[in-house]
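Residues per chain, in single letters:
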Amino acid sequence: MLFKDIIGHQELKDKLISLTKTGRISHTQLFLGSEGSGNLAMAIAFSQYVNCLNPGETDSCGTCTSCLKFDKYTHPDLHFTFPITSPNKLSKEVIENWRSALLENPYLSDFDWLQKLNSESNKQGNITSEECRDIISGLGLKSYEAKYKTQIIWQPEYLLNSGNILLKLLEEPPVGTLIILVGNNTEKILATILSRAQLVKVPRINDIDMTKALIERHECDQQKASDIARLADGNYNMAMALLHIEQDGYFDLFSRWMRACYGQKINDIQPVVDEISTSGREYVKNFLHYTSQMIRSAFIYRFAKKEMLRVNQTEMGFLVKFSPFLHDANLEQITHSLDDAVFHAERNANLKIMFLNLSLYIGRQLKTPVKSV
Ligand SMILES: [Zn+2]
């Protein structure tokens, strides 16, 4: 993974390179960024750079023996830990699946990964105590060839209490070791772990860099690229999902759904619910994010600065008519119910029942009158 393969984040890349050159590398770091920001890719590119035998001013050389192995994620001193679904296995036992998932999409989410690993069962992921002990014993061994033996722990959110086993290691890793935690959400990471890692923030990808990447990598035209960038809101993973769906695919379904919800007639709601819930879990998840974003946009349209809105002309036309039905009280209820729905959709809920209940709930909320102050 070269820095140049990562979308945007030039300032952060420069900073990481300069730290490497001056030898001021912290031995335990947390690369924190939201889904699709590229924090995992950045952690790998950084590990590759510190281990490159011939590092350039702006990137790894890409051709030395170390780089060639990093490129395929097969370097013997590059170790990965990530959540897996079988409690009796270690990350290294499914490393081939991991490598192929990374080669396919280094911006993947934990949901994507766990689906890929175990598509039928929708089991929860875990990083077990055995895995933590394996990390410790692996890092205790001498490195084969690298300058820095590197351990990447992806999604420390999954460590739970087993993470406490790692505290001593994180505080004082063996000489010549680099430990990089790569996470999305500090609220879900043990405080004892957070306090032992130097924080490296990976921001959302900005719209300009995202648009450029969509044009260059996916041959999008300018309009489509900027529409997708706006919707994806810095999440490249989401941008790629949106690429595979017709540009206005969400809007049409969203507007029909909201009308049906508002009407509160089962006969109108049922066909829309059927259509949504048979579109596949990945689509459903993105559709719910889109709905959430549109609901917030309608609220902003009504109460805040219109120039803050990230919507296109068709959507704007709808928001003008839809926004009068939103107010402080129901906005919170509706967005909360949508967040809940994402949570359950990822965990194998019965989508038809879930969307039917959700539709009735949203319908009731939209009809809740504004409380007089
Ligand atoms: Zn190199």
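Parameters and conventions
- Residues numbered from 1 in each chain as written.
- Predicted model: local features only at pLDDT ≥ 70, side-chain atom pairs only at ≥ 80, totals over all residues.
- Heavy atoms only, no water.
- Helix = DSSP H or I, 4+ residues; strand = E, 2+ residues; numbered from the N terminus.
- Buried < 20%, exposed > 50% of the residue type's maximum accessible area, 1.4 Å probe, protein only.
- Contact = heavy atoms within 4.5 Å.
- Areas by Shrake-Rupley, 256 points an atom, 1.4 Å probe, with all protein chains shown as cover.
- Lys, Arg positive; Asp, Glu negative; His and termini not counted.
- Charge placed at Lys NZ, Arg CZ, Asp CG, Glu CD.
- Salt bridge = Lys/Arg side-chain N within 4 Å of Asp/Glu carboxyl O.

Q: If you had to explain the overall build of the protein chain to someone new, which residues and values would you point to?
A: From N to C terminus, the protein chain includes 17 helices and five strands. Taken over the C-alpha atoms alone, the protein chain extends approximately 70 × 45 × 40 Å along its principal axes. For the protein chain, the proportion of its 373 residues judged to be buried stands at 52%. Residue pairs in contact within the protein chain that sit at least 24 positions apart in sequence constitute 75% of those at least 6 positions apart. Summing over all exposed atoms, the protein chain offers an accessible surface of approximately 18000 Å²; the carbon and sulfur share of this is 52%. Of the side chains in the protein chain, 41 bear a positive and 43 a negative charge, and the two mean positions are spaced by 3 Å.

Q: I'd like a description of the pattern of salt bridges, backed by residues and values.
A: Tallying each qualifying case throughout the model produces 18 salt bridges. Between Arg133 and Glu130 there is a salt bridge, with the nearest N and O atoms lying 3.8 Å from each other. Here Arg133 and its partner Glu130 are both found in helix H6 (residues 129-140), three residues apart, which amounts to about one turn of the helix. For the salt bridge of Arg256 with Asp252, the shortest nitrogen-to-oxygen distance reads 3.1 Å. Of this pair, Arg256 and Asp252 both sit in helix H12 (residues 249-263), separated by four residues, roughly a single helical turn. Each of Glu35, Lys285, Glu346 and Arg347 takes part in a single network of salt bridges with overlapping partners.

Q: Lay out unusual backbone geometry with the relevant residues and their values.
A: Here Tyr73, not a glycine, exhibits a phi torsion of approximately 60 degrees, which is positive. Here Tyr73 shows up in the loop between helix H3 (65-71) and strand E2 (78-81). Look at Leu160: it is not a glycine, yet its phi comes out positive at around 50 degrees. Here Leu160 lies in the loop between strand E3 (149-154) and helix H7 (167-171).

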